[in-house]
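# Analysis of the macromolecular model
Listed here are the chains, written in short residue letters.
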Amino acid sequence: MAIPLEKLLDAVGITDTATREKFKKYDQAFDQADTDGSRTLSKSEILSVLKSIKVCIPKNQTPEQFADNVIAYCNSDEDASTLTKQEFFKGLIGYDVKEAWLHVFNAADKDHSGKLNAKELQKLLEETKCSKYTMKQISRFIETQDTNKDGELDYHEFIENFILSGGHMQEEEK
């Protein structure tokens, strides 16, 4: 039996309206990727949904390897070749994911300030094949997402405003 998205978000404590809207889009992406109607995602379907929600794949992995890692990380049942919607969402919003992002954040924080400046964020984006953003875009993004207005992203701002946004920034204005 499928758990309704609203109940799943309630269960993990996601109350922010904007974040809930993003997960509704992820929910729709899951449903569209489930081409065989099995209510689970196979490896090829996971690749499709990751592409549709614009997940950046680390440089050291092929998309197929990344999909295998997603399955291995999120899977909680005997069928290690597919993910249920619940497993998929747990993988996106679970504590372990935030913990993993803490390691990413700390590795990107080269000056050990506990914050990411524009250069550190640019380097992280380059390392994850998301280097399509200019320094101007990155600086403008930090400026708009920096809730405490110190000119950098602390871990909370990084998670809430960058990771949960899917890492999306405004395109350069022509």
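Let me begin by describing the structure that accompanies this report. As the structure is a prediction and not an experimental result, all values here were calculated from the model.

Helices and strands together make up the secondary structure of the chain, namely 9 helices and 4 strands. In the chain, the succession of helices and strands from N to C terminus is α-α-β-α-α-β-α-α-β-α-α-β-α. Every one of the 174 residues in the chain was classed for burial, and the buried ones make up 38%. When the accessible surface of the chain is totalled, it reaches about 10300 Å², and 53% of it is carbon and sulfur.

Before going further, it helps to spend a moment on the pattern of salt bridges. Tallied over the entire structure, the rule returns 5 salt bridges. In this structure, Lys-85 and Asp-31 form a salt bridge, with 2.7 Å as the shortest nitrogen-oxygen distance. Taken as a pair, Lys-85 in helix H5 (residues 85-93) and Asp-31 in helix H2 (residues 17-33) lie far apart in primary sequence, 54 residues in all. On the basis of relative accessible area, Asp-31 is assigned to the partly exposed category, the value being 43%. Here Asp-68 and Lys-43 are joined by a salt bridge, their closest N and O atoms 3.2 Å apart. Of this pair, Asp-68 sits in helix H4 (residues 63-74) while Lys-43 sits in helix H3 (residues 43-52), and the two are 25 residues apart along the sequence. Salt bridges linked by common partners bring Asp-27, Asp-31 and Lys-85 together as one network.

Within soluble globular proteins, side chains that are nonpolar generally end up buried alongside one another. Core analysis: the biggest nonpolar cluster contains 19 residues, and Leu-41, Ile-46, Val-49, Val-70, Leu-83 and Phe-88 have the highest contact counts within it. Elements with a contribution of two residues or more to this core: H2, H3, H4 and H5. Excluding its chain neighbours within four sequence positions, the residues that come into contact with Leu-83 are Phe-30, Thr-40, Leu-41, Ile-46, Val-70, Ile-71, Cys-74 and Asn-75. Residues Ala-108, Tyr-133, Leu-153 and Phe-158 belong to the second largest nonpolar core, which totals 14 residues.

To continue, consider the packing of aromatic side chains. Considering all chains together, one arrives at 3 aromatic pairs under this definition. With a centroid separation of 5.6 Å and an interplanar angle of 50 degrees, the aromatic rings of Phe-30 and Phe-88 are classed as tilted. Of this pair, Phe-30 sits in helix H2 while Phe-88 is found in helix H5, placing the two residues 58 residues apart along the sequence. With respect to class, Phe-30 is no different from Phe-88; both count as buried. For the ring pair Phe-105 and Phe-158, a centre distance of 5.4 Å and an interplane angle of 55 degrees mean the geometry is tilted.

With that settled, consider the environment of Asp-154. Mapped onto the elements, Asp-154 comes out in strand S4 (residues 153-154). Between the C-alpha atom of Asp-154 and that of Asp-109, which follows or precedes it by 45 residues, the distance is 9.7 Å. Sequence-distant contacts of Asp-154, defined by excluding residues within four places in its chain, comprise Phe-105, Gly-114, Lys-115 and Asn-148. Of note is the side chain of Asp-154, whose polar atom sits 2.8 Å from the backbone nitrogen of Glu-157.

For the pair H2 and H3, the least separation of the axes is 9 Å and the interaxial angle reads 145 degrees. Crossing geometry of H2 relative to H3 is assigned as right-handed. In this structure, H2 uses Ala-29, Phe-30 and Ala-33 to contact H3, whose residues at the interface are Glu-45, Ser-48, Val-49 and Ser-52. Of the residues contributing to the contact of H2 with H3, the split by class is 4 nonpolar, 2 polar and 1 charged.

The rules behind the values
Per chain, the residues get numbers from 1 upward, laid out in the order the sequence is written. With the structure being a predicted model, the display of local features is reserved for residues of pLDDT at least 70 and the display and counting of side-chain atom pairs for 80 or more, all residues being used for whole-chain, interface and lining totals. Processing note: side-chain calculations cover all non-hydrogen atoms of the structure and skip hydrogens and water entirely. To qualify as a helix, a DSSP run of H or I must reach at least 4 residues; to qualify as a strand, a run of E must reach at least 2; elements of each kind are numbered from the N terminus. Categorising residues by exposure relies on relative accessible area from a 1.4 Å probe, with only protein chains included: less than 20% of the type maximum marks a residue as buried, more than 50% marks it as exposed, and the intermediate range marks it as partly exposed. Note on areas: Shrake-Rupley with a 1.4 Å probe; residue coverage comes only from the protein chains shown. Just to be clear on terms, a salt bridge is a Lys or Arg side-chain nitrogen sitting within 4 Å of an Asp or Glu carboxyl oxygen. Residues belong to a common nonpolar core when they are buried Ala, Val, Leu, Ile, Met, Phe, Trp, Tyr or Cys residues joined through side-chain atoms within 4.5 Å. In this analysis, two residues are considered to be in contact whenever any of their non-hydrogen atoms come within 4.5 Å of each other. In summary, the pairing rule links any two rings of Phe, Tyr or Trp, Trp by its six-membered ring, whose centres are within 6.5 Å, and it sorts them by plane angle into stacked for under 30 degrees, edge-to-face for over 60 and tilted for everything else. What qualifies as a polar contact is a pair of N or O atoms within 3.5 Å, subject to a donor-acceptor requirement within protein and to the restriction that residues adjacent in sequence count only when both atoms come from side chains. To define axes, lines are fitted to C-alpha atoms, for helices over the stretch in contact only, and angles between the resulting N-to-C directions are given on a 0 to 180 degree scale. Crossings are sorted by hand: turned counterclockwise from the far helix by less than a right angle, the near helix makes the crossing left-handed, and turned clockwise it makes it right-handed. Residues are grouped as follows: nonpolar covers Ala, Val, Leu, Ile, Met, Phe, Trp, Tyr, Cys and Pro; charged covers Asp, Glu, Lys and Arg; every other residue, Gly included, is treated as polar.

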